[in-house]
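# Coordinates in review
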Amino acid sequence: IKLVEKNANLELQRLKQSNDKKLVELDDLTNILELISIPKRIECYDISHIQGSDAVASQVVFIDGIPSRQDYRKYKIKSTNIKLGHSDDFESMSEVITRRFRRWARFKEEGGDINEISNKALSVLDDNNLDDWPDLVVIDGGKGQLSAVLSALQEMNLDQNINLISLAKKKEEVFIPNVKQPLETEPNQPGMLLLRRLRDEAHRFAITFHRQK
């Protein structure tokens, strides 16, 4: 019994330390992006293909800084413009975001208040299944990918409702809409570590699906 109690206490301490780390990362990310509140649900999107062939996209979800694999989604790019010998990550990303938020755009167009329900858990019986609004959307890519996604959201009249950023691989820079220069960040600050972990998971999930396809 003493051994069981000792092991249980050690595991409890490990979980507490892990939770404290996640809170520090989320708090730092909130400060970096100057968000009103700590983002609970964060989504990240990535595109994977080989010279345009078998193009796919991934959507990974972190809730409270922890991967929520039951909320991951895979997309097959449907555009006929994307094919062997012709890749277009901008168009692919725009397509995925449009498909992801189309029902939300329809809800808003019909007079729904996104701000009112975005933080509420709706019933699974809800016809539109509007219970998955993200507090932050992260795009794997630079200013080009970010602009493509922003244009798609503008067409759906959702650009003012979504916190949107992109994370560029080359220099690990964070970009926000309508600002040319990246945000000032340190590579190893907690918020950036969280963003990179999120981006790497989206990349892994996209590549895995692409290989399967």
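Residues numbered from 1 in each chain as written. Predicted model: local features only at pLDDT ≥ 70, side-chain atom pairs only at ≥ 80, totals over all residues. Heavy atoms only, no water.

### Structural notes on the overall build of the chain
Counting its regular elements, the chain contains five helices and seven strands. Counting from the amino terminus, the chain carries its helices and strands in the arrangement α-β-β-β-β-α-α-β-α-β-β-α. Taking all 213 residues of the chain together, 44% fall into the buried category. In the chain, the proportion of contacts linking residues at least 24 apart, taken out of those at least 6 apart, comes to 65%. A total accessible area of about 12400 Å² is found for the chain, and carbon and sulfur atoms account for 49% of it. (Helix = DSSP H or I, 4+ residues; strand = E, 2+ residues; numbered from the N terminus. Buried < 20%, exposed > 50% of the residue type's maximum accessible area, 1.4 Å probe, protein only. Contact = heavy atoms within 4.5 Å. Areas by Shrake-Rupley, 256 points an atom, 1.4 Å probe, with all protein chains shown as cover.)

### What about the environment of Asn31?
Examined against the element boundaries, Asn31 turns out to sit in helix α1 (residues 2-33). With a relative accessible area of 51%, Asn31 lands in the exposed category. Between the C-alpha atoms of Asn31 and Gly191, which are 160 residues apart in sequence, the distance is 8.6 Å.

### Some words on the pattern of salt bridges
If charged atoms from side chains of opposite charge come close, those side chains can pair. Counted by the stated rule, this structure contains 12 salt bridges. Here Arg199 makes a salt bridge to Glu172, at a shortest N to O gap of 3.0 Å. Here Arg199, found in helix α5 (residues 190-212), pairs with Glu172, found in the loop between β6 (164-168) and β7 (173-175); they are 27 residues apart in sequence, far enough to count as distant. Each of Arg41, Glu43, Arg100, Arg103 and Asp132 takes part in a single network of salt bridges with overlapping partners. (Salt bridge = Lys/Arg side-chain N within 4 Å of Asp/Glu carboxyl O.)

### Quick word on the packing of aromatic side chains
A full pass over the atoms with the stated rule returns four aromatic pairs. For the ring pair Tyr72 and Phe205, a centre distance of 5.0 Å and an interplane angle of 65° mean the geometry is edge-to-face. With Tyr72 in the loop between β3 (66-67) and β4 (73-76) and Phe205 in helix α5, this residue pair connects regions lying 133 residues apart in the sequence. Ring centres 6.3 Å apart and planes at 85° place the aromatic pair Trp104 and Phe107 in the edge-to-face group. Taken as a pair, Trp104 and Phe107 lie in helix α2 (residues 89-109) at a separation of three residues, close to a single helical turn. Each member of the pair Trp104 and Phe107 is classed as buried. (Phe/Tyr/Trp six-rings, centres within 6.5 Å; stacked < 30°, edge-to-face > 60°.)

### Some points on the nonpolar core
Grouped together as the largest cluster of nonpolar side chains are 28 residues, with contacts concentrated most on Tyr45, Ile97, Phe101, Ile139, Leu153, Leu158 and Leu164. Contributions of two or more residues to this core are made by β1 (41-50), β2 (53-63), α2, β5 (136-140), α4 (143-155) and β6. Element by element, the count of residues in this core is highest for α2, at seven residues. Phe101 has contacts with Glu43, Tyr45, Trp133, Pro134, Val137, Leu153, Met156, Leu158 and Ile162, leaving out every residue within four places of it along the chain. (Core = buried A, V, L, I, M, F, W, Y, C linked by side-chain atoms within 4.5 Å.)

### Details of the side chain of Ser79
In this structure, Ser79 sits in the loop between β4 and α2. Given the relative accessible area of 15%, Ser79 is considered buried. In this structure the side chain of Ser79 is engaged in a polar contact, spanning 2.6 Å, whose partner is the side chain of Glu91. Each residue touching Ser79, except ones within four places of it in the same chain, is listed here: Glu91 and Glu95. (Polar contact = N/O pair within 3.5 Å; in protein donor to acceptor, adjacent residues only side chain to side chain.)

### Some points on the packing of α2 against α4
How two helices pack is summed up by the angle between their axes together with the distance between the axes. Where α2 contacts α4, the axes come no closer than 8 Å and their chain directions differ by 35°. Taken as a pair, α2 and α4 cross one another with a handedness that is right-handed. In this structure, α2 uses Asp89, Phe90, Met93, Ser94, Ile97, Thr98 and Phe101 to contact α4, whose residues at the interface are Gly144, Gln145, Ala148, Val149, Ala152 and Leu153. Of the residues contributing to the contact of α2 with α4, the split by class is eight nonpolar, four polar and one charged. (Axes fitted to C-alpha atoms, helices over the stretch in contact; angles between N-to-C directions. Left-handed = near helix turned anticlockwise from the far one by under 90°. Nonpolar A, V, L, I, M, F, W, Y, C, P; charged D, E, K, R; others polar.)

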